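Each chain is listed here by its residues.
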Amino acid sequence: MDPRIYRYAMSGDTNSMRKLVKEDQLDLTHQLTLHSNNALHIAAQHGHRAFAEELIRLSPSLLFRSNFDGDLPLHVAAREGHMDLVDILIDSLKNISNPDDEVADLESTDSSMAQAVWLKINLKGNTALHEAMRFRHTKVAMALLGFDPRLADGLNHAGESPLYLGCELRVMVVVERILSCGSFRVEGLNGRTPLHASAISGHYVSVDRIGVGQPVTKKRPRPTQGSRNHAHVVEKIARSHKTSGRVRKERSPLFSIHSSHQDISFARQN
């Protein structure tokens, strides 16, 4: 990458970038860092909205270019939590056709979604929603789900669904939004389910509501000194008559909590 383009992208100097591209007749699609980031990746990382808009106007194909990690600029903006950049990128992806006709080659969460570029996964299998969830960018996650609820169907290469991540990271407003979607995945890391994650995190999501309607959530109480009391969560799960997904007994939600928090004396399955 021309060091001037890199410097302008880092600082968001739109006027200097525009002048350089015009005077030197630079092809922005060939301006790449060693990690194969283009100028739009860099602008998305640093939240330079005006700079990103001008890049898209000058070279729309930058929207569809992945770096060595398989990240589109949308992945980067979602990971960094730049809501205004996510809005611009989604709107542009929706309204601009790929000049290089690469869309058919993009790997997505489902073959029927090949034309929806915002559903593309990176090399870790993460969609933009996964990236927003992992860093607890609630507004970005809610905006992405509002734009296309099919993002709730994504499952990354670690076996994590957005619902599982939401329960694990206690982003309960997003969990509620996912549960209102018509379809969503429930798988989690190492065979766990959202019930495991919500129990361990101290937020109970009723297993009777997974897949139908709104969740029932409850925040954990403030831990006593030297302990993390999740008894109220265990008690609710113990009274449930079914679990979400098929898991071995030693990996059940109750076992997960009991093995992590030895102060819970009544962790048992009825």
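**Let's talk about the packing of helix α1 (residues 3-11) against helix α3 (residues 39-46)**
- Contact pair α1 / α3: the axes reach a minimum separation of 8 Å and the direction vectors enclose 25°. Between α1 and α3, the crossing angle belongs to the class labelled roughly parallel. For the crossing formed where α1 meets α3, the hand is right-handed. Here Ile5, Tyr6, Ala9 and Met10 of α1 come into contact with α3, specifically with Ala39, Ile42, Ala43 and His46.
- A breakdown of the residues in the contact of α1 with α3 according to their chemical character gives seven nonpolar, one polar and no charged.

**Some remarks on the packing of aromatic side chains**
- A complete count under the given rule lists one aromatic pair for this structure.
- Their ring planes at 75° and their centres at 4.8 Å tell us that tryptophan 118 and phenylalanine 147 sit as a pair that is edge-to-face. One end of the pair, tryptophan 118, is in the loop between α6 (83-95) and α7 (128-134); the other, phenylalanine 147, is in helix α8 (residues 138-147), and 29 residues separate them in sequence.
- Relative accessible area serves as the criterion here: at 28%, phenylalanine 147 is assigned to the partly exposed category.

**What to know about the environment of glycine 191**
- You can see glycine 191 is positioned in the loop between α10 (172-179) and α11 (194-201).
- Along the primary structure glycine 191 and glutamate 160 are separated by 31 residues, whereas in three dimensions their C-alpha atoms are 9.4 Å apart.

**Examining the pattern of salt bridges**
- Applying the stated criterion across every chain, the model contains 10 salt bridges.
- Of the charged contacts in the structure, one is a salt bridge between glutamate 131 and arginine 79, with a shortest N-O distance of 3.0 Å. Taken together, the residues span a long stretch of sequence, with glutamate 131 in helix α7 and arginine 79 in helix α5 (residues 73-80) at a distance of 52 residues.
- In this structure, arginine 134 engages glutamate 160 in a salt bridge whose closest nitrogen and oxygen atoms are separated by 3.2 Å. In this pair, arginine 134 is assigned in helix α7 and glutamate 160 in the loop between α8 and α9 (162-168), connecting sequence segments 26 residues apart.
- Via salt bridges that share partners, Asp2, Arg4 and Asp24 belong to a single interconnected network.

**Regarding unusual backbone geometry**
- Phi is positive for arginine 136, which is not a glycine, with a value near 55°.
- Residue position: arginine 136 is located in the loop between α7 and α8.
- When its relative accessible area of 45% is taken as the criterion, arginine 136 is described as partly exposed.
- Phi at asparagine 190 takes a positive value of approximately 55°, unusual for a residue other than glycine.

**Things to note about the confidence of the model for the protein**
- Taken over all residues, the pLDDT of the protein has a mean of 77, while the share at 70 or more is 66%.
- Note on residues 102-114: pLDDT is under 50 here. Beyond four places in sequence and across chains, it has 22 contacts.
- For residues 211-252, every residue scores under 50 in pLDDT, and the model assigns this stretch 92 contacts once sequence neighbours within four places are set aside.

**Here's the deal with the side chain of glutamine 31**
- Relative to the assigned elements, glutamine 31 resides in the loop between α2 (14-24) and α3.
- From its side chain, glutamine 31 meets the backbone nitrogen of aspartate 2 in a polar contact 2.7 Å long.
- Excluding anything up to four places from it in sequence, glutamine 31 contacts Met1, Asp2, Ile5, Leu26, Asn37, Asn38 and Ala39.

**Observations concerning the nonpolar core**
- Formed by 59 residues in total, the largest nonpolar core has its most connected members in Ile5, Leu40, Leu55, Leu74, Val86 and Leu144.
- Per-element tally for this core: the top contributor is α6, with six residues.
- Those residues in contact with valine 86 that sit more than four places away from it in its chain are Leu74, Ala77, Ala78, Val140 and Leu144.

**Topic: the side chain of threonine 29**
- Tracing the backbone shows threonine 29 in the loop between α2 and α3.
- There is a polar contact of 2.7 Å between the side chain of threonine 29 and the side chain of aspartate 27.
- In this view, threonine 29 contacts Ser59, Ser61, Leu62 and Arg65; residues no more than four positions away in its chain are not counted.

Criteria and cut-off values
- Residues numbered from 1 in each chain as written.
- Predicted model: local features only at pLDDT ≥ 70, side-chain atom pairs only at ≥ 80, totals over all residues.
- Heavy atoms only, no water.
- Axes fitted to C-alpha atoms, helices over the stretch in contact; angles between N-to-C directions.
- Helix = DSSP H or I, 4+ residues; strand = E, 2+ residues; numbered from the N terminus.
- Parallel < 35°, antiparallel > 145°, perpendicular 65-115°, else oblique.
- Left-handed = near helix turned anticlockwise from the far one by under 90°.
- Contact = heavy atoms within 4.5 Å.
- Nonpolar A, V, L, I, M, F, W, Y, C, P; charged D, E, K, R; others polar.
- Phe/Tyr/Trp six-rings, centres within 6.5 Å; stacked < 30°, edge-to-face > 60°.
- Buried < 20%, exposed > 50% of the residue type's maximum accessible area, 1.4 Å probe, protein only.
- Salt bridge = Lys/Arg side-chain N within 4 Å of Asp/Glu carboxyl O.
- pLDDT = per-residue confidence, 0-100.
- Polar contact = N/O pair within 3.5 Å; in protein donor to acceptor, adjacent residues only side chain to side chain.
- Core = buried A, V, L, I, M, F, W, Y, C linked by side-chain atoms within 4.5 Å.

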